[in-house]
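Residues per chain, in single letters:
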Amino acid sequence: AKLGEICISIRALARSNDELREALKEHPGDRDFIIAMHENEEIIVKRREMAAELVRRLRKAGIDADVPQDVLEMQVEWKGSSGSGDGDIDKEGGDIDKAEVGEEKTETGPTANTAHGLYL
């Protein structure tokens with residue numbers, strides 16, 4: 001049940017970021033939108049790590065569990081993006097202090113994922 005809750009939360013945060021990206025098209029460089037996206041992305045990364053750790057503990061206890069594929073494959077671009085896809089706030093018209101929103105980072109997942117399953 002806890003793994004499901006974590007995954008639902010991750011999906012909700014990803015949907016929120018999709019909506020924020022759309023809003024940024026109408027309001028390029030909006031500081032609040034960009035910061036909200038960054039905060040969502042930080043939480044996504046942390047919760048994905050929590051999900052992977054939970055799966056590891058469940059497997060150790062002999063329970064078969066996996067992090068859903070869509071959660072593993074979510075791309076997280078620190079600093080956000082309003083359509084260029086490269087996550088560069090400066091190109092999007094935002095004049096945000098980079099120390100405030102964090103360094104640029106792309107996170108694809110805390111685990112190795114192959115066609116044969118998830119390896120922790």
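All values reported here derive from a predicted model rather than from experimental measurement.

Q: Could you clarify how one ought to interpret helix H1 (residues 2–26) in this entry?
A: An α-helical turn contains 3.6 residues, so any two residues separated by three or four positions project in the same direction. The terminal C-alpha atoms of H1, which comprises 25 residues, lie 37 Å apart, in line with the 36 Å expected from a rise of 1.5 Å per residue. Residues Leu3, Ile6, Cys7, Ser9, Ile10, Leu13, Ala14, Asn17, Leu20, Ala23 and Leu24 constitute the buried set of H1. Looking at the buried residues of H1, the elements they touch are helix H2 (31–60) and helix H3 (69–73).

Q: Help me understand the confidence of the model for the protein chain, please; the structure alone is not making it clear to me.
A: Detailed reading of the predicted model is not advised wherever pLDDT is low. Put simply, the protein chain has an average pLDDT of 74, and 64% of its residues get 70 or more. Segment residues 79–120 is flagged for pLDDT under 50; beyond a separation of four residues in sequence, or across chains, it makes 95 contacts in the model.

Q: Hey, could you run me through the packing of H1 against H2 in this one?
A: For any two helices packed against each other, the geometry is given by the interaxial angle and the distance between the axes. Taken N-terminus to C-terminus, the directions of H1 and H2 make an angle of 160 degrees; their axes are 9 Å apart at the nearest point. Taken together, the axes of H1 and H2 lie roughly antiparallel to each other. Seen from above, H1 lies across H2 with left-handed handedness.

Cut-offs used in this document
- Residues numbered from 1 in each chain as written.
- Predicted model: local features only at pLDDT ≥ 70, side-chain atom pairs only at ≥ 80, totals over all residues.
- Heavy atoms only, no water.
- Helix = DSSP H or I, 4+ residues; strand = E, 2+ residues; numbered from the N terminus.
- Expected span 1.5 Å × (residues − 1).
- Buried < 20%, exposed > 50% of the residue type's maximum accessible area, 1.4 Å probe, protein only.
- Contact = heavy atoms within 4.5 Å.
- pLDDT = per-residue confidence, 0-100.
- Axes fitted to C-alpha atoms, helices over the stretch in contact; angles between N-to-C directions.
- Parallel < 35°, antiparallel > 145°, perpendicular 65-115°, else oblique.
- Left-handed = near helix turned anticlockwise from the far one by under 90°.

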